[in-house]
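In case you want the letters, here they are:
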Amino acid sequence: MPATAKICGLTTPATLDAAIAGGASHVGFVFFPPSPRHLALDRAPSLAARVPDRIHRTGVFVDPDDALLDAAIAAARLAVLQLHKTAPARVAAIRTRFPAIALWPVVAVRTRADLDAARPFAPLAERILYDAKTPDAAALPGGMGLRFDWRLLDGFVHPRPWLLSGGLDAGNVGEAIAATGADLVDVSSGVETAPGIKDVDKIAAFLKAVRLS
Ligand SMILES: O=C(O)c1ccccc1N[C@@H]1O[C@H](COP(=O)(O)O)[C@@H](O)[C@H]1O
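Residues numbered from 1 in each chain as written. Predicted model: local features only at pLDDT ≥ 70, side-chain atom pairs only at ≥ 80, totals over all residues.

Our focus in this paragraph is the site of the ligand. The environment of the ligand is made up of 27 residues, and the closest members are C8, S35, G142, G143 and S189. Here the residues of the shell around the ligand sort into 11 nonpolar, 13 polar and three charged. (Near = placed C-beta within 6 Å. Nonpolar A, V, L, I, M, F, W, Y, C, P; charged D, E, K, R; others polar.)

Along strand β7 (residues 162–165), one buried face is formed by W162 and L164 and the opposite face, lined by L163 and S165, is buried too. Pairing analysis gives three bridges linking strand β6 (residues 128–132) to β7, with the strands arranged parallel. The residue of β7 that forms the bridge with L129 is L163. For β7 and strand β8 (residues 184–187), the ladder comprises two bridges, and the chain directions are parallel. Looking across to β8, one finds that L164 is bridged to V185. Taking the sense of rotation as the criterion, the β-α-β connection linking β7, helix α5 (residues 173–180) and β8 turns out right-handed. (Buried ≥ 20, exposed ≤ 12 C-beta atoms within 10 Å, placed from the backbone. Helix = DSSP H or I, 4+ residues; strand = E, 2+ residues; numbered from the N terminus. Pairing = 2+ DSSP bridges. Right-handed = clockwise from strand over helix to strand, strands pointing away.)

With respect to the helices and strands, A14 occurs in helix α1 (residues 13–22). Considered as a pair, A14 and V200 are 186 residues apart in the sequence and their alpha carbons are 7.4 Å apart.

This brings us to the sheet that holds strand β2 (residues 26–30). Taking strand neighbours around the barrel as the criterion, the eight strands line up as β1-β2-β3-β4-β5-β6-β7-β8 in a closed arrangement whose pairing is parallel. Averaged over all pairs of adjacent strands, the angle between strand axes in this sheet comes to 25°, irrespective of strand direction. Across five bridges, the pairing between strand β3 (residues 56–62) and strand β4 (residues 80–84) is parallel. In the strand pairing of β4, F61 is matched with L83. (Axes fitted to C-alpha atoms, helices over the stretch in contact; angles between N-to-C directions.)

All right, on to the pairing of strand β1 (residues 4–7) then. Relative to β8, β1 runs parallel, the two being bridged by four bridges. Across the sheet, the residue bridging to T4 is L184, located in β8. Strand direction decides the pairing type here: β1 and β2, joined by two bridges, are parallel. Along β2, the bridge assignment pairs K6 with H26. Each parallel crossover has a hand, and the one from β1 via α1 to β2 is right-handed.

Structure (structure tokens):
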């Protein structure tokens, strides 16, 4: 089965359409004001309306409160919540509040020991997202084009289905899929010309590389 891809941090109709036309299985909208990809709630409905229901609208959050989740889910008709820096107890509360929405807690990886953080999410998550850990002082917990050593996943017994992100681009995603066996990959800055500026050609090239993997 070929891998599929999520294109994250989409904020314009043209780049969203490129992700859809290129065969993305998921499209991501970031709801985190410090991010250059932040999507204002009032812009979400018109973008979400462009997405066929077979493509999963994914909201990206950093330890969100219920008010933000309520508003973003309604505005973007989200099918998946990607949860950065969200503790297992909070993910459990989100699970209870939104039983019909898929949850992807994020495990930030720099060392093999970091993977242990995946286990408490097992009963709560549809998938676990492994992303590169950003520096402590970084403004963002993701979306910085950093990758981790994919060999850290060798032999790891994944407690749930999972996906891979962190520093992927059209040039390395085939190698990443071959090295890790990921069946779903996620990219943001690797399909941009500058932070927050997505590029339709880079999106197409990334999705083609995933298809050919
Ligand atoms: O993209 C962002 O701005 C962002 C902000 C806050 C949390 C996560 C964010 N993006 C996610 O980070 C990873 C890796 O991105 P990249 O490809 O290395 O740039 C990805 O899962 C994005 O969804």
